[in-house]
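Results of the structural survey
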Amino acid sequence: MKYEFNFSNRGPVVDVKEQLIESLKSKISRKIWELWFETFKVESVSDDLIIFTVGNLFIKDWINERYAKQFKEIVKEVTGKDISYTIKDEVIQESCTPKSTLNESTPLVRKRPVLLSEFNKEYTFENFVVGLFNEESYDGAIEIAKNPGKMNPFFLYGGVGLGKTHLLHAMGNYMLESNPDLHVMYMTAEKFTNDLVISIKNGTSNDFRKNIREKLDVLMIDDIQFLAGKDGIQSELFHTLNYFIDGQKQIILCSDRTPTQLSEFQPRLISRLQMGLMVKVNSPDNETKMEIARAFAKKNRIDLNEEMIRQIVRASDNIRTMKGIINKIAFKNAKNSVDESTVSRIVNEISGIQIRKVEDKAVEKEVFFQSLASVFDLRPAEIDAKLRTAKLSNARQVGMFFARKYMGKTFAEIGEWFGRDHSSVVYACKKVEESVRVGNAIVKKEIVQLQELLHIQNGESAG
Ligand code: ADP
Ligand code: MG
């Protein structure tokens, strides 16, 4: 039954819904209202329940945690009773038009996206498998991508290989697709650090700040655990955060650790992170892992029986490893049906690479050669040897280019790794770069596989 109050002493019937909203507004600062209550509505009022709605689960939790007292007060104030209330979150509408942080005078003409970062085209929301274990992070990422600037900072954290970087790229792809005028930049914390340090050395740190703070609408910094113990960089990040928050520009951060595990971080930075929207990316349980593996297999059009799926899942402690194994199987079995021994071989090979990668930085060359060998179906020793066949020299050249472009190695370091002189390395890098430039699909695929195996993203160029 609909509740109607007749305040006879105040003249005409006043809309209770509006009254509730006005009363709530009087208890909340304007800034908070604009940030958090934009989607707030009074859905219905009856004599035993008032239903409010907000745009999503996070806003709901946020409001529930902080404003329970005010809600009780306004209900009592307006209705004169202690009617219970509930806040519901509306399901995110996929079709709703994303709101941009640009002002209203911005022309609606679609330009080509302003490409400040290369986003991996494979890392989209559509390609992200969503289950109970990660839906919070997925919903959060979509919400922010649709409304950049609304909730700051957006902080995603969770174990390695669980899709954090994928979600950042998905947000980037989505934002540029729906609003090509948006200035979106992705960088790792390592790049943030290097660029800052170089700018300080060159006396151009003001330009560095200006480029980041004034020219961007959205800044993403991945893997901020890298800043543990780096006090100066943390200070810079702290001020950057404040700048983005005050300007209602979106800042998005990722970490392999929870804020409380980031014990070497400045407390002010941690509390800033906690003020925004923090979402944990969880690990899938075994059943869910099997579902994801099946989904990956289906997407790659390969037929894996249950035993194979189980074997892959058993060997993978995260989604990255699982995806790496399945991609590799698909790559090697373009047409044939998959046999068990191939699966076992690839499982062992790739899970071995992943484990070593995580455990030990000192074995960088070894892991790199192992990955390179795996992509080209060679043995690591073959790459290291002096043998020359077309296949070997191709693998080496792609490897050299990769080490230069994505691992920040110098020509000298690469020369040492591969036992080649400076000019051969330069030649190899140029040659592969040219193949990439003209769109050689095979080389591109090899590079993507190396990126996957080595957990290296786009845009890591050493310049
Ligand atoms: P993180 O940054 O958390 O370490 P990534 O985002 O790099 O992990 O993910 C590792 C790999 O696993 C990527 O290839 C990514 O596409 C894939 N991946 C992770 N989670 C999912 C998911 N839920 N659905 C599809 N692919 C996923
Ligand atoms: Mg990552």
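So, a few notes on the structure that sits alongside this text. All values derive from a computational prediction rather than experimental measurement. Every chain begins its residue count from 1, and numbering advances along the sequence as written. Chain letters and ligand numbers both follow the written order, the letters beginning at A and the numbers at 1. Side-chain atom pairs in this predicted model are given and counted only at pLDDT of 80 or more, local residue features only at pLDDT of at least 70, and totals for whole chains, interfaces and linings cover all residues. Side-chain calculation: all heavy atoms of the structure are included, whereas hydrogens and water are not.

Examining the packing of helix α11 (residues 306-315) against helix α12 (residues 319-332)
Relative orientation of the contacting elements α11 and α12 amounts to 135°, with a least axis distance of 8 Å. The orientation of α11 with respect to α12, classified from their angle, is oblique. Viewed along their axes, α11 and α12 form a crossing whose handedness is right-handed. Seen from α11, the contacting residues are I312, V313 and A315; seen from α12, they are T321, M322, I325, I326 and I329. Of the residues belonging to the contact of α11 with α12, the class tally is seven nonpolar, one polar and no charged. An axis is simply a line fitted to the C-alpha atoms; with a helix, the fit covers only the stretch in contact. Between two such axes, the angle follows the N-to-C directions and lies from 0 to 180 degrees. To qualify as a helix, a DSSP run of H or I must reach at least 4 residues; to qualify as a strand, a run of E must reach at least 2; elements of each kind are numbered from the N terminus. Roughly parallel means an angle under 35 degrees; roughly antiparallel means over 145; roughly perpendicular covers 65 to 115; every other angle is labelled oblique. Here a crossing is taken to be left-handed if its near helix is turned anticlockwise relative to the far helix by less than a right angle, and right-handed if that turn runs clockwise. For this analysis, residues touch if any pair of their heavy atoms sits within 4.5 Å. Nonpolar residues are Ala, Val, Leu, Ile, Met, Phe, Trp, Tyr, Cys and Pro. Charged residues are Asp, Glu, Lys and Arg, and all others, Gly as well, are polar.

Section: helix α16 (residues 390-407)
One turn of an α-helix holds 3.6 residues; hence residues three or four places apart share an orientation. Helix span, expected: 1.5 Å multiplied by one less than the number of residues in the helix. In this model, α16 (18 residues) spans 24 Å end to end at C-alpha, consistent with the 26 Å of a helix rising 1.5 Å per residue. Looking at α16, one finds that the buried residues are L392, A395, R396, Q397, V398, G399, M400, F401, F402, A403, Y406 and M407. In the core, the buried residues of α16 are packed alongside α14 (364-376), α15 (380-384), α17 (411-418), α18 (422-437) and α19 (441-454). Backbone geometry just downstream of α16 places G408 in the positive-phi region, at approximately 65°. Working definition: with a 1.4 Å probe on protein chains only, accessible area under 20% of the residue-type maximum means buried, over 50% means exposed, and in between means partly exposed.

Observations regarding the pattern of salt bridges
Criterion for a salt bridge: a side-chain nitrogen of Lys or Arg within 4 Å of a carboxyl oxygen of Asp or Glu. For the structure shown, the criterion picks out 18 salt bridges. Ionic pairing is found between K69 and E73, a salt bridge with its closest N-O pair at 3.8 Å. One end of the pair, K69, and the other, E73, are both in helix α3 (residues 57-79), four residues apart, so they sit about a helical turn from each other. E73 gets classed as partly exposed once you look at its relative accessible area, which sits at 32%. Each member of the salt-bridge network shares a partner with another, and the members are K27, K69, E73 and E77.

Points about the sheet that holds strand β2 (residues 49-54)
Two strands qualify as a pair provided that DSSP identifies no fewer than 2 bridges between them. If you trace the three strands from one edge of the open sheet to the other, you get β1-β2-β3, paired in mixed fashion. For this open sheet the edge positions go to β1 (41-45) and β3 (84-89), each flanked by a neighbour on one side alone. In this sheet, neighbouring strand axes are inclined to one another by 25° on average, regardless of whether the strands run parallel or antiparallel. Direction of pairing for β2 relative to β3: parallel, over a ladder of six bridges. Bridge assignment links T53 to a residue of β3, and that residue is K88.

Observations regarding the packing of aromatic side chains
Two aromatic rings, taken as a pair, are described by how far apart their centres are and by the angle between their planes. Two rings from Phe, Tyr or Trp (for Trp, the six-membered ring) form a pair when their centres are within 6.5 Å of each other. A pair whose planes differ by under 30 degrees is stacked, one over 60 is edge-to-face, and the rest are tilted. One pass over the structure, following the stated rule, counts 17 aromatic pairs. When the centroid spacing of 5.3 Å and the interplanar angle of 35° are considered together, the rings of F368 and W417 count as tilted. Taken together, the positions of F368 in helix α14 and W417 in helix α17 put the pair 49 residues apart, joining distant regions of the chain. Across the pair, exposure class does not vary: F368 and W417 are buried alike. Consider the rings of F402 and Y406, whose centres lie 4.9 Å apart with planes at 40°: the pair is tilted. Taken together, the residues F402 and Y406, both in helix α16 and four residues apart, mark about one turn of the helix. For F402, a relative accessible area of 0% corresponds to the buried category. For Y406, a relative accessible area of 11% translates into the label buried. One aromatic cluster in this structure is built from F368, F369, F401, F402, Y406, W417 and F418. The rule is short: NZ of Lys or CZ of Arg within 6 Å of the ring centre and within 35 degrees of the ring normal puts a charge over the ring. Lying over the aromatic face of F226, K230 brings its terminal NZ or CZ to 3.9 Å of the ring centre. Stacked on the ring of F238, the Lys or Arg R268 has its end atom at 4.2 Å from the ring centre.

Structural notes on the nonpolar core
Within soluble globular proteins, side chains that are nonpolar generally end up buried alongside one another. Core analysis: the biggest nonpolar cluster contains 84 residues, and M171, L304 and F368 have the highest contact counts within it. Of all the elements, α16 adds the most residues to this core, at nine residues. Of all hydrophobic cores here, the second largest spans 25 residues; its members include L237, F238, F244 and I270. We call a set of buried residues a nonpolar core when its members are Ala, Val, Leu, Ile, Met, Phe, Trp, Tyr or Cys and they connect through side-chain atoms within 4.5 Å of each other.

Points about the pairing of strand β5 (residues 184-188)
Burial runs high along β5: four of the five residues are buried. Two strands pair when backbone bridges link them, and β5 and strand β6 (residues 218-222) are joined in this way by five bridges, in the parallel orientation. In the sheet register, V184 faces β6, and the bridge partner there is V218.

So, the packing of α17 against α18
In contact at an axis separation of 9 Å, α17 and α18 are set at 100° when each is read in the N-to-C sense. Here α18 runs roughly perpendicular to α17, going by the angle between their axes. Residues F411, I414 and G415 of α17 form the contact with α18, whose own contacting residues are H422, V425, V426 and C429. The residue makeup of the contact of α17 with α18, split by class, is five nonpolar, two polar and no charged.

Remarks on the side chain of T165
Its location among the elements puts T165 in helix α5 (residues 164-178). T165 sits in the buried class, given a relative accessible area of 11%.

What about the sheet that holds strand β4 (residues 154-157)?
Within the open sheet, the five strands sit side by side as β5-β6-β7-β4-β8. Their pairing is parallel. Of all strands in the sheet, those bounded by a partner on one side alone are β5 and β8 (277-280). Strand-to-strand twist in this sheet, taken as the mean axis angle between neighbours without regard to direction, amounts to 15°. In terms of strand pairing, β4 meets β8 through four bridges, oriented parallel. The residue of β8 that forms the bridge with L156 is V279. α5 rests against β4, β5, β6 and β7 (250-255) of the sheet, and its axis sits at about 165° to β6. Sheet strands in contact with helix α6 (residues 189-201) are β5 and β6, and its direction is about 90° off that of β5.

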